[in-house]
Amino acid sequence: MVAEQALVVRKRLVEVDHAWKADVYADTGGYEAARNVVTSMSPEATLELVKASGLRGRGGAGFPTGMKWSFVPKDVFPKYLVVNHDEGEPGTFKDRELLESDPHQLLEGMIIAAFAVGASKAFIYCRGEFALGSRRIDQAIRSAYDNGYLGEGVFGSSFDFDIVLHRGAGAYICGEESALLDSLEGHRGQPRLKPPFPAVKGLYGQPTVVNNTETLSTLPHILNHGVDWFRQWGTEKSPGVKIFSVSGHVNAPGNYEVPLGTNLGDILELAGGMLNGNDLKAVIPGGISAPLLTTTDMAMDFEELQGAGTMLGSGGIVFMDHTTCMVRNALVAAQFYEHESCGKCTPCREGTWWQVKVLERIEHGEGRKEDLDLLLDMCERMDGRCFCPLGDTAAWAVRSNIKSFRSDFEDHVAAGHCTYETDHRTLVGARAGATGLGDAGVTSQPSAGIGSDHDGHAR
Amino acid sequence: MAEVSSNGATKVLVGEHYDTARSIISKYPNSRSAVLPLLFLVQGLEGYVTDQGMRDVGELLHLTPAEVLASGSFYTMLKRKPTGEYLISVCRNVSCAHRGAYKVIAALSERLGTEPGSATSDGKFELETAECLATCDGAPTMQINYEDFYNVTPDGAVELVDGIERGDTVTSFRGEAVKTQREISYETAVAGALLPGTAGDQEARTVGGESPREDMKVGDRPKLDHSEEPHGG
């Protein structure tokens, strides 16, 4: 049987031209769910329905959405809804597509969520680098106001709801919800101590629900069709459909929406199979933070992946074929974490820097045999010792590369050079620049001062 | 006559730009939230975040210039020195790295004769490497002033630079015309400012450093009480 998508959240943007336009959205059933909720349902009933659906957050942590909402105290005002549209987990590009191609669906989900938790003000924290998405959502918000879907008396009810669009400025860590809130308050985006959780004390110290774009975009469908309909897909604990972003060495990279629990091999088939028919070497199953798999025989849901020692995360799947050097893969990941570490916790700030140092010398043929165990030791000293998951995942990424592909690292050390990449100009790391070819681009100096100007490296 | 700052320098956020800044601030319950949009505004007007721009932002938000710098310096899109008119950001993260991103970086470096992080001598271009731009389906990808280019080849990237140099209109993978660095910074600054809604018209409204968050109030910072700190732990 050929694998098929179960189109729900992506349905409109796949099947209808210009799905991002207000009239197209309205003509294809748009805003019916929100109108129904606001004019004929109670906030409590709305919350209960979402709770019963079992919808889990699509940003990475997979926390049940209805439960998150239920932590919001009823009698404290104002409350805020904040959309986490700071998509930046390497290998993930689903929220970008949803905002660019179906922004009204997000707005409709926001109206439902805000009504359920009693928030009358919302912010969309839109990643700074998303110029087109920002234009599309700006236009969508404007027309929603014009049509009476936003502002005073939404759909003629007594529910008032305002949305403010806020742009990020380049920082991966702001995808972590408490760092996002600090950023939105005008501070450096550094994670906060929890508890208190944002639901109790979030933006400006007020009760705040932070939800991901895909999560909110799923709500109109659940409200339109009901709990049983949503639960026809997935498993008891991971119900519904999920968008997977598939990239790497595949023939047809793209977003694919399938039931949770779908076999990874079927998702690979949807993405056209391995590029050039090459052999599979490794798979990142849920964004770069998720430890590697070496098989496609895996049910893609939260529990199964956790059981396999990795995670569903953001749903960013990266397939790598047998031509891939895992030293490079580990170094690319390590440099990412080194650059994005916010600097708050010592194990992460220092550990990621040292990971890069050691991996760079292996990449450039100057590694020592003992470096592999040194790296694994560093991972032990980072994992579980930081405020937020960035430090943990930096450890997981490097550890998983070494544990699954130790021979790649040993070969690098023994040969004194990369056994895959013959062009030294395109090795990864600062030392490539030091060869005088002037093309490396990436330095590993901790960035200081405003922006990327100090190290020529953004985000 | 241009407004002059207390240090004798010409102010940046004056006249219509002051009004724009005020309308951005009015969106938020706490004015400090406007610090990033206002720094984008300065960058849109000056080409980068200037010292005077930071002073103006601080004055508007009741923050010291040091506090403005502290917030702004965290973010890669805010540039602290003159930046090329066309900023080319090549993604170097996992999907792009495995599909040839480093060849694109090498080719652009050679064509522009500059290291990532420096503008060309004429100030026209600047190359930087970027972390995942959420365009992995088009790997390797890059942005020119934050417009996306998919499936970039070394030759294709060089051709885009040549096109801009010739004065051609260059459009992204999604058909968006590439703007200048100042134009896109300005657009980012005012992204939400012209929309009808506001989250700022409520009782909780506060100004500047006076955050409603207890641990962030000016003059009321958490004090370290060393007497209660465990010793030798």
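Being a predicted model, the structure only gives us computed values, none of them experimental.

Cut-offs and rules
- Residues numbered from 1 in each chain as written.
- Chains lettered and ligands numbered in written order.
- Predicted model: local features only at pLDDT ≥ 70, side-chain atom pairs only at ≥ 80, totals over all residues.
- Helix = DSSP H or I, 4+ residues; strand = E, 2+ residues; numbered from the N terminus.
- Buried ≥ 20, exposed ≤ 12 C-beta atoms within 10 Å, placed from the backbone.
- Contact = placed C-beta atoms within 7 Å.
- Pairing = 2+ DSSP bridges.
- Axes fitted to C-alpha atoms, helices over the stretch in contact; angles between N-to-C directions.
- Parallel < 35°, antiparallel > 145°, perpendicular 65-115°, else oblique.
- Left-handed = near helix turned anticlockwise from the far one by under 90°.
- Domains from an automatic or database assignment.
- Nonpolar A, V, L, I, M, F, W, Y, C, P; charged D, E, K, R; others polar.
- Right-handed = clockwise from strand over helix to strand, strands pointing away.
- pLDDT = per-residue confidence, 0-100.
- Core = buried A, V, L, I, M, F, W, Y, C linked by C-beta atoms within 7 Å.

### Digging into the overall build of chain B
Along chain B, the regular secondary structure elements total 8 helices and 4 strands. Secondary structure elements in chain B, listed N-terminal to C-terminal, are α-α-α-α-β-α-α-β-β-β-α-α. When each of the 233 residues of chain B is scored for burial, the buried share is 53%. Within chain B, contacts between residues separated by at least 24 positions form 64% of all contacts whose residues are at least 6 apart in sequence.

### Considerations on the overall build of chain A
Counting its regular elements, chain A contains 19 helices and 9 strands. Long-range contacts, defined here as pairs at least 24 residues apart, represent 70% of the contacts in chain A between residues at least 6 apart.

### Quick look at the sheet that holds strand S1 (residues 86-91) of chain B
The 5 strands are arranged S9(A)-S2(B)-S1(B)-S3(B)-S4(B) in an open sheet whose pairing can be described as mixed. Where the open sheet ends on each side, the last strands, each with one partner, are strand S9 (457-458) of chain A together with strand S4 (147-149) of chain B. Judged from the 6 bridges that link them, S1(B) and strand S2 (residues 125-130) of chain B form a sheet pairing that is parallel. Directly across from Tyr86(B), in S2(B), lies its bridge partner Phe125(B).

### Regarding helix H10 (residues 213-225) of chain A
Residue and element names in this part refer to chain A. Counting buried residues in H10 gives 11 out of 13 residues, a clear majority hidden from the surface. The set of residues buried in H10 consists of Thr213, Glu214, Thr215, Leu216, Ser217, Thr218, Leu219, Pro220, His221, Ile222 and Leu223. Where H10 ends, the next residue or the one after it, glycine 226, has phi of about 95°, a positive value.

### Remarks on the packing of helix H15 (residues 346-363) of chain A against helix H16 (residues 371-382) of chain A
Residues and elements named next belong to chain A. At a minimum axis separation of 10 Å, H15 and H16 run at an interaxial angle of 165°. Between H15 and H16, the crossing angle belongs to the class labelled roughly antiparallel. Along this stretch, H15 crosses H16, giving a crossing that reads as left-handed. The segment H15 lies against H16, with Pro347, Cys348, Gly351, Trp354, Gln355, Val358 and Ile362 engaging Asp371, Leu374, Leu375, Met378, Arg381 and Met382.

### Quick word on the sheet that holds strand S4 (residues 208-212) of chain A
All names here are of chain A. As summarised here, the arrangement of the 4 strands in space is S3-S2-S1-S4, forming an open sheet in which the pairing is parallel. Edge positions in the sheet fall to strand S3 (162-167) and S4, since each has one partner strand and no second. Direction aside, neighbouring strands of the sheet carry axes that sit 20° apart on average. Strand direction decides the pairing type here: strand S1 (residues 80-85) and S4, joined by 5 bridges, are parallel. Pairing of valine 83 across the sheet is with asparagine 211, part of S4.

### Some words on the domain arrangement of chain B
Along its sequence, chain B is carved into domain 1 (16-79 + 187-215) and domain 2 (86-179). Each of domain 1 of chain B and domain 2 of chain B has a C-alpha centre, and these two points are 30 Å apart.

### Section: the interface of chain A and chain B
On the side of chain B, 71 residues touch chain A, which itself brings 74 residues to the contact. Listing elements by their share of the side of chain A that touches chain B, those giving two or more residues are strand S2 (121-126), helix H8 (131-146), S3, strand S5 (241-248), strand S8 (316-321), helix H14 (326-340) and S9 of chain A. Of the residues belonging to the side of chain A that touches chain B, the class tally is 29 nonpolar, 28 polar and 17 charged.

### Describing the domain arrangement of chain A
Interfaces are often sized by the amount of accessible area the parts lose when they come together. Residue and element names in this part refer to chain A. If you check the domain split of chain A, you get domain 1 (11-231), domain 2 (241-321) and domain 3 (326-454). Placing the centre of domain 1 and that of domain 2 at their C-alpha centroids yields a distance of 26 Å. Contacts between domain 1 and domain 2 engage 13 residues on the former and 17 residues on the latter. Considered class by class, the residues forming the side of domain 1 that touches domain 2 number 2 nonpolar, 5 polar and 6 charged.

### Quick word on the packing of helix H6 (residues 94-101) of chain A against H8(A)
Residue and element names in this part refer to chain A. Where H6 contacts H8, the axes come no closer than 7 Å and their chain directions differ by 40°. On the basis of their axis angle, the class for H6 and H8 is oblique. Our pair here, H6 against H8, has a crossing hand that is left-handed. Every residue of H8 that contacts H6 at Arg96, Leu99 and Glu100 is listed here: Leu132, Gly133, Arg136 and Ile137. Here the residues of the contact of H6 with H8 are counted per class, giving 3 nonpolar, 1 polar and 3 charged.

### Focus on the pairing of S3(A)
A regular strand places its side chains on the two faces of the sheet in alternate fashion. All names here are of chain A. The buried count for S3 comes to 6 of 6 residues, which makes it a mostly enclosed element. Sheet topology places S2 next to S3; 6 bridges connect them, and they run parallel. Looking across to S3, one finds that tyrosine 125 is bridged to histidine 166. Since S2 and S3 lie parallel, the crossover through H8 that links them has a hand, and here it is right-handed.

### Some points on the environment of Tyr28(B)
All names here are of chain B. Along the chain, tyrosine 28 falls in the loop between helix H1 (16-25) and helix H2 (35-46). In the structure, tyrosine 28 is positioned 133 residues away from valine 161 in sequence and 39 Å away in space, judged by C-alpha atoms. Look past the residues within four positions of tyrosine 28 in its chain and what remains in contact with it is Ser33, Ala34, Ala199 and Gly200.

### Some thoughts on the environment of Arg32(B)
Looking at the element boundaries, Arg32(B) is found in the loop between H1 and H2. It is 5.9 Å that separates the C-alpha atoms of Arg32(B) and Leu61(B), two residues lying 29 residues apart in sequence.

### Considerations on the confidence of the model for chain B
Residue and element names in this part refer to chain B. Summary statistics for chain B give a mean pLDDT of 87 and a share of 85% for residues scoring 70 or more. Note that pLDDT drops below 50 for residues 207-213; the model gives that stretch 27 contacts with residues more than four away or on any other chain. Taken together, the stretch residues 215-233 has pLDDT below 50 and engages in 6 contacts with residues farther than four places along the chain or on a different chain. Confidence estimates for the predicted assembly give a pTM of 0.92 and an ipTM of 0.93.

### As for the nonpolar core
Residue and element names in this part refer to chain A. With 206 residues, the main nonpolar core has Val82, Met110, Ile111 and Ile267 as its most contacted residues. Counting residues per element, this core draws most heavily on helix H7 (residues 103-117), which supplies 10 residues. Not counting residues within four places of it along the chain, the set of residues in contact with valine 82 comprises Ala122, Phe123, Tyr125, Leu180, Leu181, Leu184, Leu203, Thr208 and Val210.

### Points about the environment of Glu176(A)
Residue and element names in this part refer to chain A. Mapping glutamate 176 onto the fold places it in the loop between S3 and helix H9 (177-184). Under the C-beta neighbour-count criterion, glutamate 176 is labelled buried, with 27 such atoms within 10 Å. Note: C-alpha distance between glutamate 176 and alanine 333 (157 residues apart in sequence) is 18 Å. When residues no more than four places from it in sequence are discounted, the contact partners of glutamate 176 are Pro191 and Cys388.

### Digging into the confidence of the model for chain A
Looking at chain A as a whole, the pLDDT averages 92, with 93% of positions reaching at least 70. Note that residues 431-449 of chain A has pLDDT below 50 and, in this model, 51 contacts with residues that lie over four places away or in other chains.

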